[in-house]
Amino acid sequence: NIEAASWVRSFLGVPIRAGGEIIGFLHLDSGTPGGFRPEHALRLQAFADQASIAIQNARMYEALYNQAVDLEQRVVKHTVDLDRERRQLQAILDAMGEGMFYTEGAHIQYTNPILSQLTGYAPHELIGQPTTIFKAQQPNGDAALYNLNASLTNERIWRDELQLRD
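Everything quoted here is computed from the prediction, not taken from an experiment.

Caption draft 1: Highlighting the confidence of the model for the chain. When pLDDT is averaged along the chain, the result is 86, and 81% of the positions lie at 70 or above. Mean pLDDT across the elements of the chain ranges from a minimum in strand β6 (residues 164-165), with 62, to a maximum in helix α1 (residues 38-95), with 96.

The following block contains the structure:
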């Protein structure tokens, strides 16, 4: 509106630059003719440069915030998926007809109900115990137990059949 700016007798403007692009302008108006000197232009440009940094920081913050929100949503989705898969695996393992246990570092972390029925140990009595808690019933079972413990210590899978005693 020309009438609204009719009082302006001098004008000073500088660009706001970000990444080699002009993203805006800062300008000052004065009713005094010749009211701005070169040092005013230098100060206004310094202020525009600081405003540019603040704008870039705000844009980076917004992008980072959006990434964090996206990551959080993906983590929640994956957590739900993993929990569903864990429940499915739990149902399968609990329904198995064979005794089974899972170890980490040759220490029992999980047993299925059949193993408890077969060995007489309650699950809470086995969890955290070393696999050496099991004793072989048959004479050659000691070698099989040794192979079991050696395999599990090396974090491998062991499959065999043993008669155990408690």
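Caption draft 2: Geometry of the packing of aromatic side chains. Taken as a whole, this structure holds 1 aromatic pair when the rule is applied. Relative to Tyr-65, the ring of Tyr-61 has its centre 6.4 Å away and its plane inclined at 25°; by these criteria the two rings are stacked. Within this pair, Tyr-61 and its partner Tyr-65 are both found in helix α1, separated by 4 residues, close to a single helical turn.

Caption draft 3: Here's a closer look at the pairing of strand β2 (residues 21-30). Sheet topology note: the strand β1 (residues 10-18)/β2 ladder contains 9 bridges and is antiparallel. Residue pairing in the sheet places Phe-11 in a bridge with Asp-29 of β2. Where β1 hands over to β2, the hairpin turn is made up of 2 residues, of which Gly-19 adopts a positive phi near 60°.

Rules used throughout
Numbers given to residues run from 1 along each chain, matching the order in which its sequence is written. It should be noted that, the model being predicted, local features are given only for residues of pLDDT at least 70 and side-chain atom pairs only at 80 or more, the latter also being counted only at that level, while totals for whole chains, interfaces and linings use all residues. The basis for every side-chain value is the complete set of heavy atoms in the structure, and neither hydrogens nor water enter the calculation. Along the chain, pLDDT gives the predictor's confidence residue by residue, from 0 to 100. The helix and strand labels rest on DSSP assignments: H or I over at least four residues marks a helix, E over at least two residues marks a strand, and numbering proceeds from the N terminus. Centres within 6.5 Å are what make two rings of Phe, Tyr or Trp a pair, Trp counting through its six-membered ring; a difference in plane orientation under 30 degrees is then read as stacked, over 60 as edge-to-face, and the rest as tilted. At least two bridges found by DSSP between two strands are what make those strands a pair.

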